[in-house]
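Given next are the chains, with one letter for each unit.
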Amino acid sequence: MTDKQIINGWLNDVQSDLVANYHRLGLRASGKWEESLDTFLDTTQEGFSIGIKGQRYTGGLENGRKPNSNKSKEALKKWVGWAGSTVLKDWVQDKGLNINPYAVAWKIARSGWQVPNKHNEGGLVSDVVTTDRISQLNRELVFNEVSELRSDLIRDLK
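Predicted model only: the values in this text are computed from it and were never measured. (Residues numbered from 1 in each chain as written. Predicted model: local features only at pLDDT ≥ 70, side-chain atom pairs only at ≥ 80, totals over all residues. Heavy atoms only, no water.)

A.B. asks: I tried to follow the pattern of salt bridges on my own but got confused; where do I start?
C.D. replies: A pair can form between side chains of opposite charge whenever their charged atoms are brought close. Per the counting criterion, the structure on display carries four salt bridges. For arginine 24, the salt bridge goes to glutamate 121, with nearest N and O atoms at 3.3 Å. Remark: glutamate 121 occurs in the loop between α6 (101–111) and α7 (131–157) and arginine 24 occurs in helix α1 (residues 3–24); sequence separation between them is 97 residues. Classification of glutamate 121 as exposed rests on a relative accessible area of 53%. (Salt bridge = Lys/Arg side-chain N within 4 Å of Asp/Glu carboxyl O. Helix = DSSP H or I, 4+ residues; strand = E, 2+ residues; numbered from the N terminus. Buried < 20%, exposed > 50% of the residue type's maximum accessible area, 1.4 Å probe, protein only.)

Structure representation (structure tokens):
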């Protein structure tokens, strides 16, 4: 097995576990988050660059969101108008909630949100991508390299 095959298998397992955790935590609304997940594996001079790309709001699902930094009346009005008519309108609809998306937007703009909370216990990413899991990938890659080296040595010595 090649290093790329090992890494791709690991990335696919992590992606599957992220989606499962997303559903377990009850975070699914539109489904755009899970649909957006995309693994990548690039070869670099140092080795490999790997990861999983997703929605920009992943950090908010994992860590919460700070209030808007610009609290001027104009800036808040602009952000609330945008968020209330787009992402929060969709979110309220997708979750089947009977609340005004503009009211939600005002609350978020002024206060942000904390994770964990009653709707999100936290750990969307951090419960899946752990240091143990990364160490497991490293061990598999080292074992693979040692196995290849051993095979090369045996073949060269014959």
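We are not done yet, so read on.
A.B. asks: When you look at the nonpolar core in this model, what are you seeing that I'm missing?
C.D. replies: Generally speaking, a soluble globular protein has its nonpolar side chains buried in company with each other. Of all hydrophobic cores here, the largest spans 17 residues; its most connected members are Leu18, Trp33, Leu124 and Leu137. Broken down by secondary-structure element, the contributors of at least two residues to this core are α1 and α7. A total of eight residues in this core trace back to one element, the largest contributor, which is α1. Those residues in contact with tryptophan 33, other than ones at most four positions away along the chain, are Leu18, Tyr22, Gln55, Tyr57, Thr58, Leu61 and Leu124. Of all hydrophobic cores here, the second largest spans eight residues; its members include Val80, Ala83, Val104 and Ala105. (Core = buried A, V, L, I, M, F, W, Y, C linked by side-chain atoms within 4.5 Å. Contact = heavy atoms within 4.5 Å.)

A.B. asks: I tried to follow the side chain of aspartate 3 on my own but got confused; where do I start?
C.D. replies: Within the secondary structure, aspartate 3 sits in helix α1. For the buried residue aspartate 3, which engages in no salt bridge, the nearest side chain bearing the opposite charge is lysine 4, 9.9 Å off. Only 2.8 Å separates the side chain of aspartate 3 from the side chain of asparagine 144, close enough to count as a polar contact. Excluding residues within four positions of it along the chain, aspartate 3 makes contact with Phe48, Leu141, Asn144 and Glu145. (Lys, Arg positive; Asp, Glu negative; His and termini not counted. Polar contact = N/O pair within 3.5 Å; in protein donor to acceptor, adjacent residues only side chain to side chain.)

A.B. asks: Would you take a moment to explain α1 for this structure?
C.D. replies: Residue pairs spaced three or four apart in an α-helix point in one direction, given the helix's 3.6 residues per turn. Its 22 residues place the ends of α1 31 Å apart at the C-alpha level, agreeing with the 32 Å of an ideal helix rising 1.5 Å per residue. Of the positions making up α1, those classed as buried are Asp3, Ile6, Ile7, Trp10, Leu11, Val14, Gln15, Leu18, Val19, Asn21 and Tyr22. Backbone geometry just after α1 places glycine 26 at a positive phi near 70°. (Expected span 1.5 Å × (residues − 1).)

Interpretation in functional terms is not warranted from these geometric data alone.
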